[in-house]
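Geometric and topological summary
Here's the letter readout for the chains.
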Amino acid sequence: MEQKNFVGKIISISDLNVTILLGGVKVRNREILETEHRDQTYRFEVFEAKGSIIFAIPLDSVIGLKRGLDVYTTGKELEMEYSDRLLGRVYDSYGAPIDGLPEETEQKKGVYARSLTMPEINIDGEVLWTGIKVLDFFAPMQKGYKMGLLGGAGVGKTVLIKELINNVYMKSQSNSVFVGVGERSREGKDLYDEMLEAGLLDKMSIVFGQMGENSVARNKAVFSGLTLAEYLRDEKKQDVLLFIDNIYRYVQAVSEINAELKRMPIENGYPATIESDVSMVEERINSTDDGSITSFQAIYIPADDITDEAVQVISSHLDGQIVLDRKVAEKGLYPAIDVFRTQSNMIDIEKIGERHYRLVQEVIRHLARYEELEEIIAVLGVDELSETDYNIFQRSRKLRNYFTQPMFVAENFTGIKGEFVKIEDVLRDVEDILGGVFDEVDEGHFSYIGSIPRE
Amino acid sequence: MEQHIKEMIQKKTEMGFSPDQMQEVGYVSSVQGYILEVSGLTNVMFYEKVIIDGHSEGYVNNIYRNHVMVAVVREGGRIYTDSEVVATGEIFEASYSEESVGHMIDIFGRDRMNGLQFDCLEQLPIENRTTPIMDRTAVNRPLETGIAGIDLIYPIGKGQRQLIIGDKKTGKSQIALDAIVNQRGKDVLCIYVSIGKTKKSMKEIYADLSRRGALDYTIMLAAFNDDQPPVLYLTPYVGLTIAEKYMMQGKDVLVVLDDLSRHADNYREISLLVGKTPGRDAYPPDIFYTHSRMLEKGCQHKCGGSITVLPIVETRGGDITDYISTNIISITDGQIVLSKKSFDQNQKPAINYGLSVSRLGGAVQPEPVKKMGARVRRELLSYLETREVYQLTNMDEMGKELQEKIRRGEEIMSALCQYKYSPLSHDEIIGRFRHLYQEEQP
């Protein structure tokens, strides 16, 4: 039995806030405290101090707690496995394995690490193709990038994250870390089962703080996941893939805690500390000379409002973003990407070459005109278009259909087998559609195919 | 005060009472509707049940340094400042009787039709911990609603959470009721949870289900419009706790939550009253968690039982992108969107096929239905999109391929029309659409 030190007594309780009156001892911020009552152990994390009164956030439910209970300190912060044993395992937000396998730990480390210093950070990296046409074309990646997948509810963020796991992780030799934050438990279990079945679990490590868990659990899952990724980068010196689904839920959880502590919020109830809360996480996701962390982060857009404070704060940390749009999804075009908002720092002649760059600009010009034409057609009909506009209209519809793709993980919806498409094929196909090579082919033939079949 | 209590405990203990039988007494110091501030209860637990003046019941929902807050769930008489509040030493729990099937009940174990309490009651916690991830298995068995537009195109599986969303009077509850009626003889227990419906409409639903023999396997758990707001808040959680009890016995349960927009508004009311910081649209920042932990109870458990949840959300002006709707869409495994426009065009059920989604798709359909469903869905969506663009164009001047597409689209739409309570089996659905695909072969 560990030696436990008495720190004080509980004086008030609400769902996410337990106030403790200290008995003349000092506690550190983020120290884990404990109390026992009705054969249950309740744990809290120190969050704020005012004189000899401290506010702590409970890690689990507070039902059954009373005023006057004695509180002890464990003397530790939240800790996470920090050894080779983390591979192939599934943890909860607080570092406890939940996969039913024996708890074997070698070494643990606190989940709050420092961020990297300037000299440590490495910004070089080779290109990383995902095999998803619309991503590789509009928002290409390189190793070490942070790619955001932004989308409202139910437009396909999770499917896209899973396709990326399928295409990028399965094809690479990298280790990967998946952090489930405030998302569906069912999807979490599905991912675990799929990885297990494909024999890929042994290179992967998973942390779940899903939406059925309380705010604190959803808040801490990110820190725990980052600790695992940092172990692989710093100790194993590897290139790591980090999938976070969904980073918005982290900010949401902070808002919930903030409200319960009655701190003054900013618009829409977000915490005033939102910028630093996000920086604290994002600045840890970086590459060094030893190893890299390439991350894919799903970002939920609440109420389809892309100007939302949290979405904007998170996306300012990204090297690229893929924006999913409900209007596109409504038309049955998946992945439902808004090409005008999707971008990447790689879209630069020096990085992807002139041909790719020029094609991107040309396609965007076509699609922008198409949007205008749609409005004209709604009033006048197709027949009134000039020849140039008619060509733009028809070719744009073909392009739009061409950028849909059968995905490996969506076979259940589409009934079509997934395809990995090479960037060279994409560039050639796009060039030919724009050049009018396929003007005689019906637009229906471009939907849900890989590259265009040629004789 | 504390000294005084200690002495009292001491005395009582000497008299032969154990401290557990001791009752602590406090007094109401302020009344704010159904939220009471109570002083004097120094030793109560978070969520402890308390009795006010012997006639009303509440639970402790906040403990402050010098007082506690109590939410009243049952008001049996007037509550004044200085009313006596007695702590019970028990956590507030729901009462439930195994005999509830076929009845309309409340969370206190009463039959709402006659107001009588059931005999053998058991205590159920308001909420259990969410089923752990590793105890869940894949959702892959169909839950047939009998509606072609759902079973064929956006199917629901046992253990799935599928949202039904739409404006007033577009047939939201009807879809859920159709699904319940169609479970007859399929060994599924149904729980219809009403959150703030009127007594009249509940009576109608009761009569409707009873007439179709659906009450033999259905529990109606009702919190009426004029019940205490904390009861409205707790009722869906209790409904799911009841469902969990049966799921753990290996049973399949279908839970309908009608409706969550009312629940959200009700929770906002309580939160603002107790002084929580408001967030977007004045909902408290934990409104997402309020619904996410509720709906996460829906699952396929490894023990074989399952909970399928059909939450209902009401929208205004057909806008499904408001805060509460998108929150719930981001929790559920798909949504059935109902549109006023289709309803008015007599396209019933008024499903908007463009906006509806099932995240599980074919995984929950038998092979032939899955094949047919994927083709019909693809064709239908492409038709709907084309129709929009070419709505002004003269049909006769279109290309042949386009004309054919529009004709087939119209045919699919009319095959999807279905009157209420006229369920179709999987075979009948396939039968309806088979001819469309036989013509294809030359």
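Residues numbered from 1 in each chain as written. Chains lettered and ligands numbered in written order. Predicted model: local features only at pLDDT ≥ 70, side-chain atom pairs only at ≥ 80, totals over all residues. Heavy atoms only, no water.

Section: the overall build of chain A
Each helix and strand counted, chain A has 13 helices and 18 strands in total. Relative to the compact-globule value of 23 Å for 455 residues, chain A shows a C-alpha radius of gyration of 25 Å, a close match. When the backbone C-alpha atoms are referred to their principal axes, chain A occupies close to 85 × 45 × 45 Å. Across the 455 residues in chain A, those meeting the buried criterion constitute 60%. The long-range share in chain A, meaning contacts at least 24 apart out of those at least 6 apart in sequence, stands at 73%. Carbon and sulfur atoms make up 47% of the accessible area of chain A, which amounts to about 17,700 Å² in all. Looking at chain A, you have 52 positive and 78 negative side-chain charges, and the mean spots of the two groups are 5 Å apart. (Helix = DSSP H or I, 4+ residues; strand = E, 2+ residues; numbered from the N terminus. Rg over C-alpha atoms; globule rule 2.2 N^0.38 Å. Buried < 20%, exposed > 50% of the residue type's maximum accessible area, 1.4 Å probe, protein only. Contact = heavy atoms within 4.5 Å. Areas by Shrake-Rupley, 256 points an atom, 1.4 Å probe, with all protein chains shown as cover. Lys, Arg positive; Asp, Glu negative; His and termini not counted. Charge placed at Lys NZ, Arg CZ, Asp CG, Glu CD.)

Observations concerning the overall build of chain B
Check the secondary structure of chain B and you find 12 helices and 17 strands. In terms of principal-axis extent, the alpha carbons of chain B reach across some 95 × 40 × 40 Å. Counting across all 442 residues of chain B, residues that qualify as buried make up 60%. In chain B, of all internal contacts separated by at least 6 residues, the share reaching a separation of at least 24 is 71%.

Examining the sheet that holds strand S8 (residues 90-92) of chain A
Residue and element names in this part refer to chain A. Taken in spatial order, the 8 strands make up an open sheet running S8-S14-S13-S15-S16-S12-S17-S18, and their pairing is mixed. Here the strands that pair on one side only, and so sit at the sheet edges, are S8 and strand S18 (343-344). In the sheet, strand S13 (residues 175-181) pairs with strand S14 (residues 204-209) via 6 bridges, with the strands oriented parallel. Across the sheet, Val177 pairs through a bridge with Ser205, a residue of S14. Together, S8, S13 and S14 form the strand contacts of helix H3 (residues 185-197), whose direction differs from that of S14 by roughly 165°. (Pairing = 2+ DSSP bridges. Axes fitted to C-alpha atoms, helices over the stretch in contact; angles between N-to-C directions.)

Comments concerning a nonpolar patch on the surface
Residues and elements named next belong to chain A. On the surface, a nonpolar cluster with roughly 280 Å² of combined accessible area is contributed by Ile376, Val379 and Leu380. Residue position: Ile376 is located in helix H10 (residues 354-380). For Ile376, a relative accessible area of 32% puts it in the partly exposed group. (Patch = residues over 30% accessible without salt bridge, like charges linked within 9 Å, V, L, I, M, F, W, Y side chains within 5 Å. Salt bridge = Lys/Arg side-chain N within 4 Å of Asp/Glu carboxyl O.)

Overview of the domain arrangement of chain B
Assigned domains of chain B: these are domain 1 (2-91), domain 2 (95-367) and domain 3 (369-438). Spacing between the C-alpha centres of domain 1 of chain B and domain 3 of chain B amounts to 64 Å. (Domains from an automatic or database assignment.)

Observations regarding the interface of chain B and chain A
Opposite the 71 residues of chain B that make contact, chain A presents 80 residues. Of the roughly 6,100 Å² buried between chain B and chain A on both sides combined, carbon and sulfur atoms contribute 53%. Connecting chain B to chain A are 9 salt bridges. At the boundary of chain B with chain A, the tally comes to 28 residue pairs in polar contact (both at pLDDT 80 or more). When contributions to the side of chain B that touches chain A are tallied by element, the ones reaching two or more residues are strand S4 (56-63), strand S5 (67-74), helix H7 (287-295), helix H8 (323-329), strand S17 (357-358), helix H10 (367-389) and helix H11 (400-415) of chain B. Here the side of chain B that touches chain A gets 7 residues from one element, more than from any other, and that element is H10 of chain B. Tallied by class, residues from the side of chain B that touches chain A come to 31 nonpolar, 21 polar and 19 charged. (Buried area = accessible area lost by both parts, 1.4 Å probe. Polar contact = N/O pair within 3.5 Å; in protein donor to acceptor, adjacent residues only side chain to side chain. Nonpolar A, V, L, I, M, F, W, Y, C, P; charged D, E, K, R; others polar.)

Brief notes about the pattern of salt bridges
Scanning all chains against the criterion turns up 65 salt bridges over all chains. Across the pair Arg161 of chain B and Asp333 of chain B runs a salt bridge whose closest N-O atoms are separated by 2.8 Å. Here Arg161 of chain B, found in the loop between helix H2 (148-153) and strand S10 (163-166), pairs with Asp333 of chain B, found in the loop between H8 and strand S16 (334-338); they are 172 residues apart in sequence, far enough to count as distant. Each member of the pair, Arg161 of chain B as well as Asp333 of chain B, is classed as buried. Salt-bridge contacts for Arg211 of chain B lead to Asp208 of chain B; the nearest nitrogen and oxygen are separated by 2.6 Å. Of this pair, Arg211 of chain B and Asp208 of chain B both sit in helix H4 (residues 199-211), 3 residues apart, roughly one helical turn. On the basis of relative accessibility, which here comes to 59%, the residue Arg211 of chain B falls in the exposed class. Connected via shared salt-bridge partners are Arg184, Arg186, Glu187 and Asp190 of chain A together with Arg161, Glu296 and Asp333 of chain B.

A look at the pairing of strand S11 (residues 188-197) of chain B
Residues and elements named next belong to chain B. In terms of residue burial, S11 counts as a mostly covered element, since 10 of its 10 residues are buried. By the bridge criterion, 7 bridges tie S11 to strand S13 (residues 252-258) in an arrangement that is parallel. Among the inter-strand pairings, Val193 is bridged to a residue of S13, identified as Leu257. Pairing between S11 and strand S12 (residues 218-224): 7 bridges, direction parallel.

Some remarks on the domain arrangement of chain A
Note on interface size: it is often stated as the accessible area lost on association of the parts. According to the domain assignment, chain A contains domain 1 (5-73), domain 2 (79-347) and domain 3 (352-446). Using only C-alpha atoms to locate each centre, domain 1 of chain A and domain 3 of chain A end up separated by 60 Å.

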